[in-house]
Amino acid sequence: MSTAQRVLITSALPYINGVKHLGNLIGSQLPADVYGRFCRALGRDTLLICATDEHGTPAELAALEAGQSVEAYCTEWHGVQKDLCDRFGLSWDHFGRSSSRQNKELTQHFARVLWHNGHLEVRTTRQVYSGTDGRFLPDRYVIGTCPHCGYDRARGDQCENCTRVLDPTDLINPRSALSGAADIEIRDSAHLFLKQSAFAGRLREWIDSHKNEWPNLVTSIAYKWLDEGLQDRGITRDLSWGVPVPDDIADGKLKGKVFYVWFDAPIAYIAATKEWADANGKGEAWRSWWTEGKANDPLSVRYVEFMAKDNVPFHTVGFPCTLFGANETEQPAWKVVDHLKGFNWLTYYGGKFSTSQKRGVFMDTALELLPADYWRYYLLANAPESADSSFTWEHFAGTVNKDLADVLGNFVNRVTKFCAARFDGKVPDDGRYGDEEVKLASDLDVRVKQYTDYLEALEFRKAVAELRAIWVVGNEYLTRAAPWTELKTDRARAAASVRMGLNLVRLFGHLAWPIIPSSAVKILATVSETPAIVPWPHAKMGAFLSELIPGAPIQPADVLFAKIADEQIAEWQTRFGGTE
RNA sequence: GGCAGCGUAGCUCAGUGGUAGAGCAGGGGAAUCAUAAUCCCUUGGUCGGGGGUUCAAAUCCCUCCGCUGCUACCA
């Protein structure tokens, strides 16, 4: 594992079109935040970047439907998404926009470099044009009767009924999915293609070099694309909303066209870093985050990307091709990802989360029901890492009630309240740690290291399971030490174990901060700590668990995590539906 | 159709050649500081079916079944 002290982290960009659901959240943004917080806690120079992905057909159509300009629509929804990020504790250094001036400039820059380096070429393609709608239509926005099975609402890219792959020209009685109009025609249209096929060998070597560290999910998707034979890819579209193709490319033959959203979206990682620098008076500092460092350079950056599996091809094929092609002439070279963490899907009772069918739980409604940390904990404890994972209300409530309320919340409560009742609400001074405490500390040394290693390895499920096991160790200790019994015969002994209990509360706050930040802050407030960034416990546990100063005030917490009642589960099942 | 991932205890999942595991749920007990919270013990599985390789298979190979996704102009 790298020891780089500078870490650049990006989350896949959420699409601008509406509120994201819990599956989107656990698929990239939440794990990126956890790793970012973990790196900051360790004292690493960390930059955590996300943005909204604003270009493409769906944004244009959603704006049309909302009766807004695309710009206004995107500005509004960027605001909504940013607010939801804040309320979920997603601690971006910058949450940018792919429609920013910076991204326009950088996208055009990359296109020019690729053009000059001979990696782009103009090809004429046949596109569906709808007269009534006055626009070109992507294949899936053309519907008609499937020539294979007769299904009358087959899409131009695939028939949902018989699952066969189609071309829009295969459809019988084709019509626009937008207006239903039948006046559609095929028009020739010139587009830029990125000659990806030339990079196949280079990409395979690059994937090979990472296959032992990246998730199997990621490398198997990448190999699948390479094995099937990499095709050149169109990187422009006949849309009005997007980054315009500059006139100096292809002698202006592509005037009025824009870049494909998947060409400019990854570049927006870099552009959002520039937005961050511009907004914070950092000047050219953004470049150092995106520069490939020399070996052993202390300023070298480790770059980690988070995304769900649908994004993997664009990050293992498309974006690397852009960077490889540009790096033939760009000095210093652009940074290519070091570690790529991919996720499977979170399902809702085994089925798809669906915006259109209102199936599942979305970020805004989730926060109306319960605080962010409940969701953060559940999602990370059940992150879809090795396979798709299923959200159910019963499982969610069971996890929250047992782990957060009973194991963690009750521990903090029992220790701090006992201290308040029997030790005057101050860290007890009497007594000394004995064999029991030495054994506890050595047990925790092993577990804290394991937890740290899991976070470093981006194994979120295992990390959370280990964190929970650490909380259980606290409860086990308290049961063995039984200060409520010792108090009757040996007050000093009871005092030492309460002091240890309070130090454990503090430890739990430090360790839990990347996962459940606002709860961790509340926990630390009980022992009068209020750091903005909660530092990782570097010390051996024997020392760390002696750091609370005797006599320091203790403020017992209110109920940290309220339990979810059976009636609430029943109500939410009914309200959110789709459980059959 | 092709390809990929997955299929292990009632539930959610670990486990990639060496005596089947965890958490939850279920059962029994202890304790009474605490949100009736905790702690200890415990029931429970022909590892999707079949075939093969091996001294030894959840693990490797073949085949079948099931679920999910992708299939390059949705993002």
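Residues numbered from 1 in each chain as written. Chains lettered and ligands numbered in written order. Predicted model: local features only at pLDDT ≥ 70, side-chain atom pairs only at ≥ 80, totals over all residues. Heavy atoms only, no water.

## Remarks on the protein's contact with RNA strand B
Step number 1: By nearness alone, 55 residues border RNA strand B, and Gln 127, Gln 158, Ser 386, Asn 410 and Lys 417 come closest of all.
Step number 2: A breakdown of the atoms of RNA strand B within 4 Å of the protein gives sugar and phosphate a share of 62%.
Step number 3: Within the contact set of RNA strand B, a phosphate oxygen lies 3.3 Å away from a backbone nitrogen or oxygen of Thr 57.
Step number 4: With respect to RNA strand B, the side chain of Lys 462 contributes an N or O atom lying 3.4 Å from a phosphate oxygen. (Near = heavy atom within 4 Å. Polar contact = N/O pair within 3.5 Å; in protein donor to acceptor, adjacent residues only side chain to side chain.)

## A few points about the pairing of strand E2 (residues 45–52)
Step number 1: For E2, a buried count of seven out of eight residues is recorded, marking the element as mostly surrounded by other parts of the structure.
Step number 2: With four bridges connecting them, E2 and strand E3 (residues 94–97) associate as parallel partners. Residue Thr 52 lies in a different strand from E3, and its bridge partner there is Arg 97. (Buried < 20%, exposed > 50% of the residue type's maximum accessible area, 1.4 Å probe, protein only. Helix = DSSP H or I, 4+ residues; strand = E, 2+ residues; numbered from the N terminus. Pairing = 2+ DSSP bridges.)

## A few points about the pattern of salt bridges
Step number 1: One pass over the full model with this rule turns up 40 salt bridges.
Step number 2: The residue Glu 185 makes a salt bridge to Arg 187 at a minimum N-O spacing of 3.2 Å.
Step number 3: Residue classification places Glu 185 among the partly exposed positions, given a relative accessible area of 37%.
Step number 4: Relative accessible area serves as the criterion here: at 32%, Arg 187 is assigned to the partly exposed category.
Step number 5: The closest approach of N and O atoms between Glu 437 and Arg 493, which form a salt bridge, is 2.8 Å. In this pair, Glu 437 is assigned in helix H13 (residues 435–456) and Arg 493 in helix H16 (residues 491–512), connecting sequence segments 56 residues apart.
Step number 6: Since its relative accessible area comes to 3%, Glu 437 is described here as buried. (Salt bridge = Lys/Arg side-chain N within 4 Å of Asp/Glu carboxyl O.)

## Overview of the domain arrangement of chain A
Step number 1: Taken as a whole, chain A is organised into domain 1 (1–118 + 200–222 + 263–343) and domain 2 (393–544).
Step number 2: Here domain 1 and domain 2 have C-alpha centroids that lie 36 Å from each other.
Step number 3: Counting residues at the interface gives 15 residues for domain 1, matched by 15 residues for domain 2.
Step number 4: When domain 1 packs against domain 2, the two sides together hide about 1,400 Å² of surface, and 73% of this comes from carbon and sulfur.
Step number 5: It is Arg 37, Phe 38 and Ala 41 that lose the most area in domain 1 upon contact with domain 2, and together they represent 39% of the buried surface on that side.
Step number 6: Taken together, domain 1 and domain 2 are joined by one salt bridge.
Step number 7: In this structure, Glu 456 engages Arg 44 in a salt bridge whose closest nitrogen and oxygen atoms are separated by 2.6 Å.
Step number 8: Applying the counting rule to domain 1 against domain 2 returns four residue pairs in polar contact (both at pLDDT 80 or more).
Step number 9: Those elements that place two or more of their residues in the side of domain 1 that touches domain 2 are helix H1 (22–41), strand E13 (301–308) and strand E14 (339–343).
Step number 10: Of the residues that constitute the side of domain 1 that touches domain 2, the class distribution is 10 nonpolar, one polar and four charged. (Domains from an automatic or database assignment. Contact = heavy atoms within 4.5 Å. Buried area = accessible area lost by both parts, 1.4 Å probe. Nonpolar A, V, L, I, M, F, W, Y, C, P; charged D, E, K, R; others polar.)

## A short note on the packing of aromatic side chains
Step number 1: Applying the stated criterion across every chain yields a total of 35 aromatic pairs.
Step number 2: One residue, Arg 187, lies across the ring of Tyr 129, its end atom 3.6 Å from the ring centre.
Step number 3: It is Lys 341 that lies over the ring of Phe 343; its NZ or CZ is 5.3 Å from the centre. (Phe/Tyr/Trp six-rings, centres within 6.5 Å; stacked < 30°, edge-to-face > 60°. Lys NZ or Arg CZ within 6 Å of the ring centre and 35° of its normal.)

## Here's the deal with the nonpolar core
Step number 1: One finds Leu 22, Trp 375, Phe 391, Trp 393, Phe 396, Leu 504 and Ile 515 to be the most contacted residues of the largest nonpolar core, which totals 111 residues.
Step number 2: Here the element with the most residues in this core is helix H12 (residues 393–422); it accounts for 13 residues.
Step number 3: Both domains that furnish three or more residues to this core are identified here as domain 1 (1–118 + 200–222 + 263–343) and domain 2 (393–544).
Step number 4: With near-sequence residues (within four places) excluded, Trp 393 lies in contact with Tyr 348, Tyr 349, Val 361, Leu 369, Trp 375, Ile 569, Trp 572, Gln 573 and Phe 576.
Step number 5: Leu 203, Ile 221, Tyr 303 and Leu 340 belong to the second-largest nonpolar core, a separate cluster that totals 60 residues. (Core = buried A, V, L, I, M, F, W, Y, C linked by side-chain atoms within 4.5 Å.)

## A closer look at the packing of helix H4 (residues 101–116) against helix H9 (residues 312–327)
Step number 1: At a minimum axis separation of 9 Å, H4 and H9 run at an interaxial angle of 60 degrees. Between H4 and H9, the angle is such that the two are oblique. Where H4 crosses over H9, the two elements pack in a sense that is left-handed. Mapping the contact onto sequence places Phe 110, Val 113 and Leu 114 in H4 and Cys 321, Thr 322, Leu 323, Gly 325 and Ala 326 in H9.
Step number 2: Residue composition of the contact of H4 with H9, grouped by class: six nonpolar, two polar and no charged. (Axes fitted to C-alpha atoms, helices over the stretch in contact; angles between N-to-C directions. Parallel < 35°, antiparallel > 145°, perpendicular 65-115°, else oblique. Left-handed = near helix turned anticlockwise from the far one by under 90°.)

## Some details on the packing of helix H2 (residues 57–66) against helix H3 (residues 70–87)
Step number 1: Close contact between H2 and H3 brings their axes to 9 Å; oriented N to C, the two are set at 95 degrees. Considered as vectors, H2 and H3 are oriented roughly perpendicular to each other. Residues Ala 59, Glu 60, Ala 62, Ala 63 and Ala 66 of H2 form the contact with H3, whose participating residues are Val 70, Tyr 73 and Cys 74.

## Let's talk about the sheet that holds strand E8 (residues 172–176)
Step number 1: Spatially, the three strands line up as an open sheet ordered E7-E6-E8, and their pairing is antiparallel. Both outer strands of the open sheet, strand E7 (154–155) and E8, are each paired with one neighbouring strand and no more.
Step number 2: Pairing of strand E6 (residues 142–145) with E7 involves two bridges; the strand directions are antiparallel. From the neighbouring strand, Gly 144 faces E7, where its bridge partner is Ala 154.

## A word on the confidence of the model for chain A
Step number 1: Mean pLDDT for chain A: 93, with 98% of residues reaching 70 or above.
Step number 2: In the model output, the complex is listed with pTM 0.96 alongside ipTM 0.94. (pLDDT = per-residue confidence, 0-100.)

## Things to note about the side chain of Glu 305
Step number 1: Positionally, Glu 305 belongs in strand E13.
Step number 2: Despite its burial, Glu 305 pairs with no opposite charge; the closest candidate is Lys 335, at 11 Å N-O.
Step number 3: Non-local contacts of Glu 305, meaning those with residues more than four positions away in its chain, are made with Thr 10, Tyr 269, His 315, Phe 319, Val 337, His 339, Leu 340 and Lys 341. (Lys, Arg positive; Asp, Glu negative; His and termini not counted.)

## Examining the sheet that holds E3
Step number 1: One open sheet holds the five strands; their spatial order is E3-E2-E1-E13-E14, and the pairing between them is parallel. Since the sheet does not close on itself, it has two edges, and those belong to E3 and E14, each with one partner. If you compare each strand with its neighbour and ignore which way they point, the axes differ by 20 degrees on average.
Step number 2: Contacts from helix H7 (residues 261–279) reach strand E1 (6–11), E2, E3 and E13 within the one sheet, and its direction differs from that of E2 by about 110 degrees.

## Some points on the pairing of strand E4 (residues 120–130)
Step number 1: As paired elements, E4 and strand E9 (residues 184–194) share 11 bridges and run antiparallel to each other. Bridge pairing in E9 places Gln 127 opposite Arg 187.
Step number 2: Examined bridge by bridge, E4 and strand E5 (residues 135–137) share three bridges and lie antiparallel to one another. Looking at E5, one finds that Tyr 129 is bridged to Phe 136.

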